[in-house]
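# Report on the structure
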Amino acid sequence: LEDAFMAAGHGTERRDVMYNDFIVLGPAADPAGLASATGAVDAFKRIAASGSGFVSRGDNSGTDVKEKDVWKAAGVSPAGSWYKEAGQGMEQVIIMADGLQAYTLADRGTWLAIKDKSSLVIAYEGDPTLFNPYGIITVNPGKNPAINAEGARALLLWITSKRGQELIASFKVGGEILFFPDYRP
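These notes cover the structure that comes with them. Worth saying up front: this structure is predicted, and the values here are computed from it rather than measured.

### A few points about the pattern of salt bridges
One pass over the structure, following the stated rule, counts 15 salt bridges. Taking the shortest distance from any N to any O, the salt bridge between D59 and R57 comes out at 2.9 Å. Take R57: its relative accessible area is 14%, and that puts it in the buried class. Of the charged contacts, one joins K68 and D64 as a salt bridge, the two residues approaching to 2.8 Å between their closest N and O atoms. Note that K68 and D64 are positioned in helix α3 (residues 62–74) at a spacing of four residues, about one turn of the helix.

### So, the packing of aromatic side chains
For the coordinates displayed, the defined rule picks out 10 aromatic pairs. Ring centres of F54 and Y83 lie 5.9 Å apart, and the angle between their planes is 10 degrees; on these two criteria the pair is classed as stacked. With F54 in strand β2 (residues 54–56) and Y83 in strand β3 (residues 83–85), the pair connects residues that are 29 residues apart, well separated along the chain. Each member of the pair, F54 as well as Y83, carries the same accessibility label: buried. Among the aromatic residues, those joined into a cluster by ring pairs are F44, F54, W71, W82 and Y83.

### Looking at a nonpolar patch on the surface
On the surface, L155, W158 and L167 cluster together into a nonpolar patch covering about 270 Å² of accessible area. Secondary-structure assignment places L167 in helix α7 (residues 162–170).

### As for unusual backbone geometry
Located in the positive-phi region is N60, a residue other than glycine, with phi close to 65 degrees. As for its placement among the helices and strands, N60 is situated in the loop between β2 and α3. Classification of N60 by relative accessible area gives exposed; the value is 55%. One non-glycine residue with positive phi stands out, namely Q101, at about 50 degrees. Structurally, Q101 is set in the loop between α4 (90–100) and β4 (104–107). On the basis of relative accessibility, which here comes to 37%, the residue Q101 falls in the partly exposed class.

### Quick word on the nonpolar core
One broad trend across soluble globular proteins is that nonpolar side chains are buried collectively. Counting residues in hydrophobic clusters, the biggest one holds 21 residues, and the most contacted among them are L34, I47 and F54. Elements that contribute at least two residues to this core include exactly β1 (11–26), α2 (40–50), α3 and β5 (121–124). Counting 13 residues, the second-largest nonpolar core is a separate cluster that includes V55, V93, A106 and L120.

### Description of α3
Here α3 contains 13 residues, and its C-alpha end-to-end distance of 18 Å stays within 8% of the 18 Å for a straight helix at 1.5 Å per residue. Taken together, the buried positions of α3 are occupied by T63, D64, E67, V70, W71 and A74. The buried residues of α3 occupy one face: seen down the axis, they fall within an arc of 125 degrees. Exposed residues pointing more than 90 degrees away from the buried face of α3 are listed as K72 and A73. In this structure, the buried residues of α3 make contact with β1, α2, β2, β3, α4 and β4. The positive-phi residue at the C-terminal boundary of α3 is G75, with phi of around 75 degrees.

### Focus: α7
For α7, the full list of buried residues reads G164, Q165 and I168. All buried residues of α7 lie within an arc of 95 degrees about the axis, which places them on one face of the element. The inward-facing, buried residues of α7 contact β1, α6 (149–159) and β9 (180–181).

Quick notes on the rules
Residues numbered from 1 in each chain as written. Predicted model: local features only at pLDDT ≥ 70, side-chain atom pairs only at ≥ 80, totals over all residues. Heavy atoms only, no water. Salt bridge = Lys/Arg side-chain N within 4 Å of Asp/Glu carboxyl O. Buried < 20%, exposed > 50% of the residue type's maximum accessible area, 1.4 Å probe, protein only. Helix = DSSP H or I, 4+ residues; strand = E, 2+ residues; numbered from the N terminus. Phe/Tyr/Trp six-rings, centres within 6.5 Å; stacked < 30°, edge-to-face > 60°. Patch = residues over 30% accessible without salt bridge, like charges linked within 9 Å, V, L, I, M, F, W, Y side chains within 5 Å. Areas by Shrake-Rupley, 256 points an atom, 1.4 Å probe, with all protein chains shown as cover. Core = buried A, V, L, I, M, F, W, Y, C linked by side-chain atoms within 4.5 Å. Expected span 1.5 Å × (residues − 1). Arc of directions from axis to C-beta. Contact = heavy atoms within 4.5 Å.

See the structure below:
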């Protein structure tokens with residue numbers, strides 16, 4: 001989506017900033033058997049085959065796009081009573097999945113921030129396809145004259161500066177790092 005945004009001329013500069021990963025959260029009982037999954041695609045196939053509940057963001061966010069990509073790779077068109085599209089943000093989706101004792105795809109940062117409020121566990125993690133990059137883009141003032149181009153450029157330079165990257169690397173919740181800095185000049 002960022003590549004399309006840039007190709008359409010809406011952004012003037014994009015830089016990698018940081019990354020973490022997506023994880024599949026689920027009930028501790030693991031009714032779909034994700035503990036034995038051989039990859040993210042296999043994990044999603046297991047959820048669908050078992051009819052275990054799954055809560056989707058359903059909001060066209062980066063997480064939602066990644067989820068749809070994994071379902072597609074699994075050859076599954078998720079639908080039916082086991083699949084719920086929440087149209088909500090990540091924290092609300094985790095809370096909903098917890099209430100339903102269902103699975104969901106989440107970014108690790110949000111999970112670390114709210115895991116103490118949930119009975120869910122990490123049911124699957126570690127597949128390289130669940131890589132979650134974050135970038136920064138300055139918006140093209142030619143497309144919108146109200147853009148503060150100077151301020152946007154200052155933010156881009158600061159967040160990709162040595163100090164900005166150090167702050168990202170040192171930010172922790174519950175003793176765990178949320179993001180790993182990723183800018184390479």
